[in-house]
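Chain and residue survey
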Amino acid sequence: MSRTTTRRMPRLEALEARKLLSGDVTGEQQLVLELINEALVAPEAAADRVEQGLSRGALNAIGEDGDTVTQVVAEIAEAAPKAPVAWDPELARAAEVHTEYQIDLGRQTHDGPSGLKTATQRAIAAGYDEPEAVAENIIFGVDSPEQAMTAFLADYGPTNAHDPHRENIQQPDKAEDEGHQDVGVAVLPVEVPVKPANPFGGAGESETRLVVTQVFGRKKDEAAPRLLGVVYDDADADRFYDVGEGVSGASVTITEKGTGTATEVSTWSSGGYQAEVAPGDYRIEVRVGDRLLSRKEARVGGENTKVDFLVGDAPKSSAQVATPSPTKTSTPTKATSSPAKTSTPTPRTAPAPKPTPVVAERPSVTPASGPSTPRPTATSTPAPKPASSPSPSKPKPATDSPAAPPTRPTASIDPTPAPSRPIPAPSTTPIEAPAPRSGSPVESSRAIDRLRNLAARAAASEASGAISMLRSSLSSGNVRSWKVAD
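Residues numbered from 1 in each chain as written. Predicted model: local features only at pLDDT ≥ 70, side-chain atom pairs only at ≥ 80, totals over all residues. Heavy atoms only, no water.

Okay, the sheet that holds strand β9 (residues 280-288) next. Read from one edge to the other, the open sheet built from four strands follows the order β7-β6-β9-β10, with strand pairing classed as antiparallel. At either margin of the open sheet sits one strand with a lone partner, and together these are β7 (262-266) and β10 (291-300). The sheet shows a mean angle of 20° between the axes of neighbouring strands, taken without regard to direction. Judged from the six bridges that link them, strand β6 (residues 251-256) and β9 form a sheet pairing that is antiparallel. Residue pairing for β9: Thr255 is matched across the bridge by Arg283. (Pairing = 2+ DSSP bridges. Helix = DSSP H or I, 4+ residues; strand = E, 2+ residues; numbered from the N terminus. Axes fitted to C-alpha atoms, helices over the stretch in contact; angles between N-to-C directions.)

This is the structure:
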């Protein structure tokens, strides 16, 4: 279908009001830049990302090209690591012009209008002067920037026999000082029809997709190396930049360690930053206001160098790291296992022991009944104090155990007469009086006298009974000879 000659053609002048020309970078552009540099700096990580992100349609397309997923992933991973590419606003302008042209056409193409026919012409027209090399990748109607990068690196399609998209990114056949140094990216929305209008007057349906254009370049006069990176807060903890994670307006101070010369730049709204530097050793500090977020060091050679900052991931000094004290645990031990410490029974009359403090997290000496449990704070363990004599004015509390009852010796007289055994004399040992529990000395003396009288009467009674029994035995003739003990 022919197109009308009055159709609006994109012009570079119409882009002057765009935020892109002010040097800012959007989150979608920053994400594509990060994915490109991952493929350059860490090819194996990029290969893993591609393998996990292939859709069913991509798998079918790879098979139609005569390749296998294993082969494609291996080719991405085996590419030699290269220096990262830096963001170039002029190449980004050229990418946006051509993206708008494709959206107006409703399809993807590398051919532009007259005067902007090739990618090199579009780059020069955007201000990228005297390029040595320019390359371009385009894709129309994808769901996300990640899907676009997966398609570029897997490079499936009936006309991509030599994988030009992957070659534009990874530059596998180029030396380190011959590859691309710069890149510009455009990511713009497009309405893609998904269901045509039906013959009964029903309207068609469309969905919003993306058109992604990448323009790579290298100038004839080799540019000074750029120190670049991104400052981001890793909200999803995948240790990779995502749209919306960038720290905007952070101050990045780049100080040459040898001379002390410092260059300060601010992060874009996407969180990215970059600055031209001379080869050398640098210290990079990132601040938000007066607060230091992170500090790193880097060596810059003849090519670009990338240093990223993950908020909250800065290394801490030993003084900032709190080392937890090891927790001591007690091992149950028997009281007999420590010969140096023995347990002495406390007398019944001893008063309550006085507490003395012990050090926390150390098990105290325990009795034989079982170990004690270590306590997290300072605890006290009882220690005996010298016993005092009973007070003459205060009786002992009734809660104490009573004194042991008085004992008396077992009777030594066998009630059964035995002619062959001499009968011993009755015991004359007085019964031991119990120790008085309380009272005055006069009361104690009277109690002892009463007990002695009782003991004397008991002894006399026992002796009288024994003599009577012996006399009865003599009178009956059962005992022939006897002698009473003196």
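Below, the discussion takes up the confidence of the model for the chain. Taken over all residues, the pLDDT of the chain has a mean of 74, while the share at 70 or more is 59%. Here residues 316-424 is modelled with pLDDT under 50, and outside its nearest four sequence neighbours on either side it reaches 64 contacts, counting other chains as well. (pLDDT = per-residue confidence, 0-100. Contact = heavy atoms within 4.5 Å.)

Moving on, we get to the packing of helix α1 (residues 27-41) against helix α7 (residues 145-154). The contact between α1 and α7 brings their axes to 10 Å, and the two run at 30°. Judged on the interaxial angle alone, α7 and α1 are roughly parallel. Where α1 crosses over α7, the two elements pack in a sense that is right-handed. Between α1, through Glu28, Leu31, Val32, Leu35, Ile36 and Ala39, and α7, the contact on the second element is made entirely by Pro145, Glu146, Met149 and Leu153. (Parallel < 35°, antiparallel > 145°, perpendicular 65-115°, else oblique. Left-handed = near helix turned anticlockwise from the far one by under 90°.)

Further remarks concern the pairing of strand β8 (residues 272-276). Where burial is concerned, most of β8 is hidden: four out of the five residues are buried. One ladder, built from five bridges, connects strand β5 (residues 226-232) with β8; its direction is antiparallel. Note that in β8 the partner of Leu227 across the bridge is Ala275. (Buried < 20%, exposed > 50% of the residue type's maximum accessible area, 1.4 Å probe, protein only.)

This part covers the nonpolar core. The nonpolar side chains of a soluble globular protein tend to be buried with one another. Formed by 42 residues in total, the largest nonpolar core has its most connected members in Ile36, Leu153, Ile169 and Val212. Among the elements that take part in this core, α1 stands out by supplying seven residues, more than any other. Each of two domains, domain 1 (27-196 + 204-219) and domain 2 (226-310), supplies a minimum of three residues to this core. The contact partners of Val212, leaving out residues within four places of it in the chain, are Asn137, Ile138, Ile139, Val142, Ala148, Phe152, Ala186 and Val187. Ranked by size, the runner-up nonpolar core spans 18 residues in total, among them Ala250, Tyr273, Val286 and Leu293. (Core = buried A, V, L, I, M, F, W, Y, C linked by side-chain atoms within 4.5 Å. Domains from an automatic or database assignment.)

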